[in-house]
Amino acid sequence: MKALQDLVRPNIWALKPYSSARDEYKGFTAEVFLDANENPYPNGVNRYPDPLQEELKAMISPMKGVPAANMFLGNGSDEAIDLPFRIFCRPGKDNVVAIDPTYGMYQVCAETNDVEYRKVALDESYDFDPEVLLNACDENTKIIFICSPNNPTGNAFKREKIEKVLNEFDGIVIVDEAYSDFSSARPLRHDIAKYPNIIVLNTFSKAWGCAGIRLGMAFASEDIIGLFNKVKYPYNVNVLTQQKAKEVLGNATLLARHISQIMEERSTLMQAFALLPLCEKIYQTDANFFLAKVKGADKIYDYLVRRGIIVRNRNRVNLCGDCLRVTIGTKDENTRLLAALRQFV
Ligand code: PMP
């Protein structure tokens, strides 16, 4: 890896971050808060939230097996996807490399930040060759994106392939493990100490059942986390989100039950889906969704919408012609999907 200073945009390296009212008194126990121009009358949200979410990070840390100092929390993982562009990529000069197809927000964030987005096509088994990915890089490539398990294909990549990229690329490698709770592969977040150039993304939106609170996580070296904290909005995770996340973290048994129910439903639904006359092929998955090649994705998608059932039409995505992406629902939802598809003519 290059020295961090050589990877970071010079303006960000030199940036003096905003110091919020709540940052400045650290270390003392305070009772009277006349520092932040808040309304003093309590209603549960009249005070600004903890800018670094320390209590919440202390609860997440043992669950994820990652020290709080190696953790950034943001407004969904979408915030943790956008910030690295602003930290590392000089607009109009630098580029990033990503497998294709993959999660669409990497490209949207690249284009928003005026950063070239280089796509490296997966092969027909939706796998990638580390050499090909590395060959797509040049001296201005700052970040490589690998989503594993990948969205929309569902498959997790072999650890050795990701490790080869981590070992041989001299920039930052973002490994998006949004769906790792549904995979039997050992998550890379446990190895952040080994790879100074890794940023692992996790989210509360999938297994944790909290898409509505918008809470994402990035795990990386303390130096990289320091850069995230420098650039983020001062109070980027609101009070209500922090409260709800703490409540959910207190109920790990419910989480485990949901994950095992989703995995069980996944195998039932996939077996039944594969037998439908309209199904051409089901792709193996390590996530809470699967990709299916069907006979006429547009027609089937429109038919399902008319029946009030929404799946994701991936027909126009590279290498996903005639594919639908189906999220695993409850038993009842999955049964309704199958019943509707059995009536499709
Ligand atoms: N990463 C991947 C791979 C995703 O599929 C998604 C959501 N579809 C996200 C990140 C976004 O997660 P969040 O809701 O935390 O912004």
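Preceding block: the structure.
Presented here is a report on the structure given in the accompanying data block.

About the thresholds
- Residues numbered from 1 in each chain as written.
- Predicted model: local features only at pLDDT ≥ 70, side-chain atom pairs only at ≥ 80, totals over all residues.
- Heavy atoms only, no water.
- Helix = DSSP H or I, 4+ residues; strand = E, 2+ residues; numbered from the N terminus.
- Rg over C-alpha atoms; globule rule 2.2 N^0.38 Å.
- Buried < 20%, exposed > 50% of the residue type's maximum accessible area, 1.4 Å probe, protein only.
- Areas by Shrake-Rupley, 256 points an atom, 1.4 Å probe, with all protein chains shown as cover.
- Lys, Arg positive; Asp, Glu negative; His and termini not counted.
- Charge placed at Lys NZ, Arg CZ, Asp CG, Glu CD.
- Disulfide = S-S within 2.5 Å.
- Pairing = 2+ DSSP bridges.
- Contact = heavy atoms within 4.5 Å.
- Axes fitted to C-alpha atoms, helices over the stretch in contact; angles between N-to-C directions.
- Salt bridge = Lys/Arg side-chain N within 4 Å of Asp/Glu carboxyl O.

Before going further, it helps to spend a moment on the overall build of the protein chain. Broken down by element type, the protein chain carries 13 helices and 11 strands. For 345 residues, the compact-globule estimate of 2.2 N^0.38 gives 20 Å, and the C-alpha radius of gyration of the protein chain, at 22 Å, lies within 12% of that figure. Projected onto its principal axes, the C-alpha coordinates of the protein chain cover approximately 70 × 50 × 30 Å. Among the 345 residues that make up the protein chain, the fraction classed as buried is 51%. As displayed, the protein chain offers around 16,600 Å² of accessible surface, 51% of which is attributable to carbon and sulfur atoms. Taken together, the 42 basic and 44 acidic charged side chains of the protein chain have centroids lying 5 Å from each other.

This part covers the state of the cysteines. Each disulfide consists of one covalent bond between the sulfur atoms belonging to two cysteines. The tally for this structure, following the rule as stated, stands at zero disulfides. For Cys320, which is in no disulfide, the shortest distance to another cysteine sulfur is to Cys323 and amounts to 5.1 Å. Cys320 gets classed as buried once you look at its relative accessible area, which sits at 0%. On the accessibility criterion, Cys323 (0% relative accessible area) is buried.

Pairing is antiparallel in the open sheet, where four strands are placed in the order β8-β9-β11-β10. If you trace the sheet from one side to the other, it starts and ends with β8 (279–282) and β10 (312–313), each paired once. Looking at chain direction, strand β9 (residues 289–294) and strand β11 (residues 323–327) are connected through five bridges and run antiparallel. Pairing of Lys293 across the sheet is with Cys323, part of β11. Helix α12 (residues 297–306) contacts β9, β10 and β11 of the sheet and is inclined by roughly 40 degrees relative to β11.

This brings us to the pattern of salt bridges. With the rule as written, the count across this model stands at 18 salt bridges. Put simply, Lys246 and Glu55 hold a salt bridge, and the shortest N to O gap is 3.0 Å. Note that Lys246 is positioned in helix α10 (residues 239–249) and Glu55 in helix α4 (residues 54–64), a separation of 191 residues in sequence. In this structure Glu55 comes out as exposed when scored by relative accessible area, which is 56%.

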